[in-house]
Amino acid sequence: MSLAVLVLLGALDAVFSGFRSAQGRSGMVDHTREDREGMLRGAGLFVLLSLPALAALAIDVLRRGRGIDAYDSAADIFLLFIAPFAAIVLLALATYGLLRWELRYLASAIILGPCTFLRPYVVSAAAVVAAVLAGEPGVAVTAALAVIAVLAVEPLLDALQHRRT
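Residues numbered from 1 in each chain as written. Predicted model: local features only at pLDDT ≥ 70, side-chain atom pairs only at ≥ 80, totals over all residues. Heavy atoms only, no water.

Asker: I tried to follow a nonpolar patch on the surface on my own but got confused; where do I start?
Answerer: On the surface, Ile88, Leu103, Leu106, Ile110 and Ile111 cluster together to form a nonpolar patch covering roughly 420 Å² of accessible area. Tallying contributions element by element places helix H4 (residues 101-134) first for the nonpolar patch, with four residues. Summarising the element assignment, Leu106 is placed in helix H4. Relative accessible area serves as the criterion here: at 47%, Leu106 is assigned to the partly exposed category. (Patch = residues over 30% accessible without salt bridge, like charges linked within 9 Å, V, L, I, M, F, W, Y side chains within 5 Å. Areas by Shrake-Rupley, 256 points an atom, 1.4 Å probe, with all protein chains shown as cover. Salt bridge = Lys/Arg side-chain N within 4 Å of Asp/Glu carboxyl O. Helix = DSSP H or I, 4+ residues; strand = E, 2+ residues; numbered from the N terminus. Buried < 20%, exposed > 50% of the residue type's maximum accessible area, 1.4 Å probe, protein only.)

Dropping the structure here:
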(Lines give C-alpha, C1' and ligand atoms only; values in the text may rest on other atoms or scores of the structure.)
Protein backbone atom coordinates (compact mmCIF):
# COMPACT_ATOMS: atom_id res chain seq x y z
CA MET A 1 0.00 0.00 0.00
CA SER A 2 2.78 2.43 0.93
CA LEU A 3 4.47 1.77 -2.39
CA ALA A 4 1.30 2.77 -4.23
CA VAL A 5 1.03 5.95 -2.15
CA LEU A 6 4.63 6.84 -3.03
CA VAL A 7 3.95 6.33 -6.73
CA LEU A 8 0.86 8.53 -6.44
CA LEU A 9 2.84 11.24 -4.65
CA GLY A 10 5.55 11.00 -7.29
CA ALA A 11 2.97 11.40 -10.04
CA LEU A 12 1.43 14.40 -8.26
CA ASP A 13 4.87 15.92 -7.87
CA ALA A 14 5.46 15.48 -11.60
CA VAL A 15 2.12 17.09 -12.43
CA PHE A 16 2.98 20.06 -10.21
CA SER A 17 6.45 20.23 -11.76
CA GLY A 18 4.76 20.46 -15.14
CA PHE A 19 2.54 23.22 -13.81
CA ARG A 20 5.53 25.18 -12.43
CA SER A 21 7.41 24.75 -15.68
CA ALA A 22 4.50 25.99 -17.79
CA GLN A 23 3.41 28.76 -15.41
CA GLY A 24 5.83 31.44 -16.49
CA ARG A 25 6.69 34.41 -14.34
CA SER A 26 3.53 36.55 -14.37
CA GLY A 27 0.39 35.62 -12.44
CA MET A 28 -1.61 38.23 -14.31
CA VAL A 29 -1.41 36.27 -17.58
CA ASP A 30 -3.95 33.50 -18.06
CA HIS A 31 -1.98 30.29 -18.64
CA THR A 32 -4.85 27.82 -18.21
CA ARG A 33 -4.26 25.90 -21.44
CA GLU A 34 -0.47 25.92 -21.06
CA ASP A 35 -0.81 24.86 -17.40
CA ARG A 36 -2.91 21.83 -18.33
CA GLU A 37 -0.51 20.86 -21.10
CA GLY A 38 2.43 21.28 -18.73
CA MET A 39 0.79 19.07 -16.13
CA LEU A 40 0.16 16.37 -18.73
CA ARG A 41 3.76 16.63 -19.92
CA GLY A 42 4.91 16.28 -16.30
CA ALA A 43 2.82 13.15 -15.75
CA GLY A 44 4.00 11.59 -19.01
CA LEU A 45 7.64 12.36 -18.31
CA PHE A 46 7.29 10.89 -14.81
CA VAL A 47 6.02 7.63 -16.30
CA LEU A 48 9.01 7.46 -18.66
CA LEU A 49 11.57 8.41 -16.03
CA SER A 50 10.09 5.93 -13.52
CA LEU A 51 10.59 2.94 -15.81
CA PRO A 52 14.18 2.25 -14.64
CA ALA A 53 13.07 2.22 -10.98
CA LEU A 54 10.16 -0.08 -11.78
CA ALA A 55 12.46 -2.35 -13.77
CA ALA A 56 14.99 -2.46 -10.92
CA LEU A 57 12.24 -3.34 -8.47
CA ALA A 58 10.87 -6.11 -10.72
CA ILE A 59 14.32 -7.56 -11.42
CA ASP A 60 15.27 -7.55 -7.74
CA VAL A 61 12.00 -9.15 -6.63
CA LEU A 62 12.25 -11.83 -9.33
CA ARG A 63 15.95 -12.45 -8.63
CA ARG A 64 15.46 -12.87 -4.89
CA GLY A 65 12.27 -14.89 -5.29
CA ARG A 66 10.73 -13.17 -2.29
CA GLY A 67 7.90 -10.70 -2.06
CA ILE A 68 8.21 -6.97 -1.92
CA ASP A 69 8.23 -6.77 1.89
CA ALA A 70 11.59 -4.95 1.99
CA TYR A 71 10.26 -2.40 -0.49
CA ASP A 72 7.04 -1.95 1.44
CA SER A 73 8.99 -1.37 4.67
CA ALA A 74 11.23 1.14 2.91
CA ALA A 75 8.15 2.87 1.51
CA ASP A 76 6.72 3.16 5.04
CA ILE A 77 9.93 4.86 6.20
CA PHE A 78 9.98 7.07 3.10
CA LEU A 79 6.41 8.18 3.84
CA LEU A 80 7.38 9.25 7.35
CA PHE A 81 9.43 11.98 5.68
CA ILE A 82 7.32 12.69 2.64
CA ALA A 83 3.74 12.60 3.97
CA PRO A 84 3.98 15.67 6.26
CA PHE A 85 5.86 17.59 3.58
CA ALA A 86 3.31 16.59 0.92
CA ALA A 87 0.42 17.55 3.21
CA ILE A 88 1.84 21.05 3.70
CA VAL A 89 2.36 21.47 -0.05
CA LEU A 90 -1.12 20.16 -0.92
CA LEU A 91 -2.76 22.48 1.62
CA ALA A 92 -0.75 25.40 0.24
CA LEU A 93 -1.79 24.47 -3.31
CA ALA A 94 -5.44 24.28 -2.28
CA THR A 95 -5.11 27.74 -0.77
CA TYR A 96 -3.27 28.90 -3.88
CA GLY A 97 -6.17 27.71 -6.03
CA LEU A 98 -8.75 29.59 -3.96
CA LEU A 99 -7.05 32.97 -3.61
CA ARG A 100 -6.92 36.04 -5.85
CA TRP A 101 -3.75 36.29 -7.92
CA GLU A 102 -2.12 38.81 -5.53
CA LEU A 103 -2.57 36.48 -2.56
CA ARG A 104 -1.46 33.50 -4.63
CA TYR A 105 1.94 35.08 -4.90
CA LEU A 106 2.04 35.67 -1.17
CA ALA A 107 1.23 31.97 -0.58
CA SER A 108 3.82 31.05 -3.16
CA ALA A 109 6.51 33.17 -1.54
CA ILE A 110 5.78 32.04 2.02
CA ILE A 111 5.07 28.33 1.55
CA LEU A 112 5.45 27.00 -1.98
CA GLY A 113 8.78 28.67 -2.75
CA PRO A 114 10.56 27.34 0.33
CA CYS A 115 8.97 23.90 -0.14
CA THR A 116 10.14 23.83 -3.75
CA PHE A 117 13.63 24.69 -2.54
CA LEU A 118 13.58 22.00 0.17
CA ARG A 119 11.99 19.31 -2.01
CA PRO A 120 15.20 17.70 -3.35
CA TYR A 121 16.70 17.57 0.14
CA VAL A 122 13.60 16.04 1.74
CA VAL A 123 13.19 13.44 -1.01
CA SER A 124 16.89 12.54 -1.01
CA ALA A 125 17.08 12.28 2.79
CA ALA A 126 13.98 10.07 2.84
CA ALA A 127 15.49 7.77 0.23
CA VAL A 128 18.82 7.49 2.04
CA VAL A 129 17.22 6.71 5.40
CA ALA A 130 14.78 4.22 3.85
CA ALA A 131 17.56 2.48 1.91
CA VAL A 132 19.90 2.28 4.91
CA LEU A 133 17.22 0.94 7.24
CA ALA A 134 16.03 -1.57 4.64
CA GLY A 135 19.58 -2.94 4.37
CA GLU A 136 18.90 -4.33 0.90
CA PRO A 137 21.04 -3.23 -2.07
CA GLY A 138 18.10 -3.62 -4.44
CA VAL A 139 16.01 -1.24 -2.35
CA ALA A 140 18.85 1.30 -2.35
CA VAL A 141 19.20 1.12 -6.14
CA THR A 142 15.46 1.39 -6.69
CA ALA A 143 15.15 4.30 -4.24
CA ALA A 144 18.01 6.14 -5.96
CA LEU A 145 16.45 5.64 -9.40
CA ALA A 146 13.06 6.80 -8.10
CA VAL A 147 14.56 9.96 -6.58
CA ILE A 148 16.42 10.70 -9.81
CA ALA A 149 13.17 10.26 -11.74
CA VAL A 150 11.21 12.59 -9.46
CA LEU A 151 13.89 15.27 -9.35
CA ALA A 152 14.61 15.15 -13.10
CA VAL A 153 11.06 15.94 -14.23
CA GLU A 154 11.08 19.69 -13.71
CA PRO A 155 14.57 20.47 -15.10
CA LEU A 156 13.79 18.42 -18.20
CA LEU A 157 10.42 20.14 -18.64
CA ASP A 158 12.08 23.52 -18.18
CA ALA A 159 14.63 22.65 -20.86
CA LEU A 160 11.84 21.55 -23.21
CA GLN A 161 9.84 24.69 -22.45
CA HIS A 162 12.89 26.84 -23.10
CA ARG A 163 13.44 25.15 -26.48
CA ARG A 164 9.78 25.71 -27.42
CA THR A 165 9.91 29.47 -26.78
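Resuming the write-up.
Asker: In this structure, what is going on with the environment of Asp35? I would like to understand it.
Answerer: If you trace the backbone, Asp35 turns up in helix H2 (residues 32-64). We classify Asp35 as buried; its relative accessible area is 9%. Residues Asp35 and Val15, spaced 20 residues apart in sequence, show a C-alpha to C-alpha distance of 9.7 Å.

Asker: Explanation requested: the pattern of salt bridges in the structure shown.
Answerer: Side chains that carry opposite charge are capable of pairing whenever their charged atoms lie near each other. Under the counting rule described, the total for this entry stands at four salt bridges. The shortest N-O distance in the salt bridge between Arg63 and Asp60 comes to 2.6 Å. Here Asp60 and Arg63 lie together in helix H2, a separation of three residues that amounts to about one turn. Three or more residues are tied together by salt bridges with common partners; here these are Asp60, Arg63, Arg64 and Glu136.

Asker: Looking at this structure, I do not really get the side chain of Glu154. What am I missing?
Answerer: Its place among the elements puts Glu154 in helix H5 (residues 137-164). By relative accessible area, Glu154 is classed as buried at 13%. Not counting chain neighbours up to four residues away, the residues in contact with Glu154 comprise Ser17, Arg20 and Arg119. (Contact = heavy atoms within 4.5 Å.)

Asker: Can you help me understand the packing of aromatic side chains in this one?
Answerer: For any pair of aromatic rings, the description consists of the separation of the ring centres together with the inter-plane angle of the planes. Applying the stated criterion across every chain, the model contains one aromatic pair. Taking 5.7 Å as the distance between ring centres and 55 degrees as the angle between the ring planes, the aromatic pair formed by Phe117 and Tyr121 counts as tilted. Here Phe117 pairs with Tyr121, and both are found in helix H4, just four residues apart, close to one helical turn. Both residues of the pair, Phe117 and Tyr121, belong to the exposed class. (Phe/Tyr/Trp six-rings, centres within 6.5 Å; stacked < 30°, edge-to-face > 60°.)

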